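A look at the structure
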Amino acid sequence: MQLISAVSILSAVFIFCLGIFILLNNKRNKLNIVLSLFIFSSSGWFFGSFMMFLNQGNADVALFWDRFVYVWVVFAPTFLYHIALLVTNFYGRARRILLKIAYMGSFFFSFASLFLGKYFVDGLYIYSWGVHSQARILHHVFMFFLFSYIFLFYVDTISYHKKLKAENNYLEALRLRYLILGVSAIAGGSVGVLSAYGIDIYAFSYLVYISGTVSSAVLTYAIVK
């Protein structure tokens with residue numbers, strides 16, 4: 001087994017256990033529920049990556065598992081934006097609409113990855129380390145969706161952080177900084193998408209799983225503590 005396969009499956013198992021811990025910590029708390037959903041989706045992402053690397057010798061199977069990865073990945077921006085609204089309590093009409101659009105978008109992209117695969121990711125790039133699916137038109141749309149909601153996450157959390165500092169609520173401001181740090185760690189893993197655009201980033205692939213694991217741990221600490 002390649003080292004990167006081992007890293008991806010270990011990360012999947014670790015953060016899955018983290019999600020269980022969060023649920024058991026407070027099963028009725030909406031913030032805990034949404035955070036655990038985000039972590040479970042990340043675990044599904046890492047497990048799919050493990051299976052993809054495990055089947056690099058079979059192009060069709062590798063393509064299936066890469067599509068499986070996106071079934072989970074597409075929910076990440078939605079869950080993160082939902083977490084931002086729960087933490088900041090910015091629940092105006094416009095943001096509620098944006099959240100509904102986010103969930104509809106994630107379900108659509110998840111469906112598209114499995115059943116409209118040739119419009120999402122199709123075909124394969126062949127690298128020295130194996131193969132990776134090629135991004136198609138719906139993948140480009142998803143990338144816009146992803147970065148739009150990550151941007152909205154930062155807009156709301158940074159605005160709320162300024163409000164907390166103005167109120168001298170330093171403990172809550174510290175928790176929010178951990179939350180922002182955790183999401184920023186995910187950005188380090190975004191390099192993984194470059195393989196879908198013909199850019200060989202195998203040397204940085206470990207960063208994808210390490211950043212996802214670190215971000216999940218930091219988010220858990222920020223919310224549970």
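None of the values given here were measured: they were computed from a predicted structure.

With that settled, the discussion passes to helix α3 (residues 59-73). In this model α3 runs 21 Å from its N-terminal to its C-terminal C-alpha over 15 residues, within 8% of the 21 Å that 1.5 Å per residue would give. Considered for burial, the residues of α3 that qualify are Ala62, Leu63, Trp65, Asp66, Arg67, Phe68, Val69, Tyr70, Val71 and Val73. Its side-chain oxygen placed 3.3 Å from the backbone nitrogen of Asp60, Asn58 serves as the N-cap of α3.

The backbone phi angle of Asn89 is positive, close to 60°, even though this residue is not glycine. Within the secondary structure, Asn89 sits in the loop between α4 (76-88) and α5 (93-115). Since its relative accessible area comes to 58%, Asn89 is described here as exposed. Phi angles above zero are rare outside glycine, and Asn168 is one such case at about 60°. Take Asn168: it is sitting in the loop between α7 (137-166) and α8 (170-189).

Further remarks concern the packing of α3 against α5. In the contact formed by α3 and α5, the axes pass within 8 Å of each other and the chain directions differ by 170°. Looking at the two axes, α3 sits roughly antiparallel to α5. Of the residues in α5, those in contact with Arg67, Tyr70 and Val71 of α3 are Ser110, Ser113 and Leu114. Its residues assigned to classes, the contact of α3 with α5 shows 3 nonpolar, 2 polar and 1 charged.

Confidence in the prediction of the protein chain, expressed as mean pLDDT, is 86, and 91% of residues score 70 or more. Mean pLDDT values for the elements of the protein chain range from 72 in helix α9 (residues 205-224) up to 96 in α5.

Looking now at the packing of helix α2 (residues 30-54) against α3. Contact geometry for α2 and α3: axes closest at 8 Å, N-to-C directions at 170°. Considering the angle they form, α2 stands roughly antiparallel to α3. Side by side, α2 and α3 meet where Phe40, Ser41, Gly44, Trp45, Phe47, Gly48, Ser49, Met51 and Met52 of the first sit next to Ala62, Trp65, Asp66, Phe68, Val69, Trp72 and Val73 of the second.

All right, on to the nonpolar core then. Counting 51 residues, the largest nonpolar core has Leu35, Phe38, Leu80, Ile83, Phe120, Phe142 and Leu179 as its most contacted members. When residues in this core are grouped by element, the largest group, 10 residues, is from α7. Not counting chain neighbours up to four residues away, the residues in contact with Phe120 comprise Tyr70, Val74, Phe109, Ala112, Ser113, Gln134, Ala135, Arg136, Leu138, His139 and Phe142. If you look at the next biggest cluster of nonpolar residues, it comprises 8 residues, including Phe50, Ala62, Phe68 and Val131.

You can see Leu80 is positioned in helix α4. Judged by its relative accessible area of 2%, Leu80 is buried. It is 8.4 Å that separates the C-alpha atoms of Leu80 and Val34, two residues lying 46 residues apart in sequence. The contact partners of Leu80, leaving out residues within four places of it in the chain, are Phe38, Ile150, Phe153, Val183, Ile186 and Leu219.

Each value, and the rule that gives it
Residues numbered from 1 in each chain as written. Predicted model: local features only at pLDDT ≥ 70, side-chain atom pairs only at ≥ 80, totals over all residues. Heavy atoms only, no water. Helix = DSSP H or I, 4+ residues; strand = E, 2+ residues; numbered from the N terminus. Expected span 1.5 Å × (residues − 1). Buried < 20%, exposed > 50% of the residue type's maximum accessible area, 1.4 Å probe, protein only. Polar contact = N/O pair within 3.5 Å; in protein donor to acceptor, adjacent residues only side chain to side chain. Axes fitted to C-alpha atoms, helices over the stretch in contact; angles between N-to-C directions. Parallel < 35°, antiparallel > 145°, perpendicular 65-115°, else oblique. Contact = heavy atoms within 4.5 Å. Nonpolar A, V, L, I, M, F, W, Y, C, P; charged D, E, K, R; others polar. pLDDT = per-residue confidence, 0-100. Core = buried A, V, L, I, M, F, W, Y, C linked by side-chain atoms within 4.5 Å.

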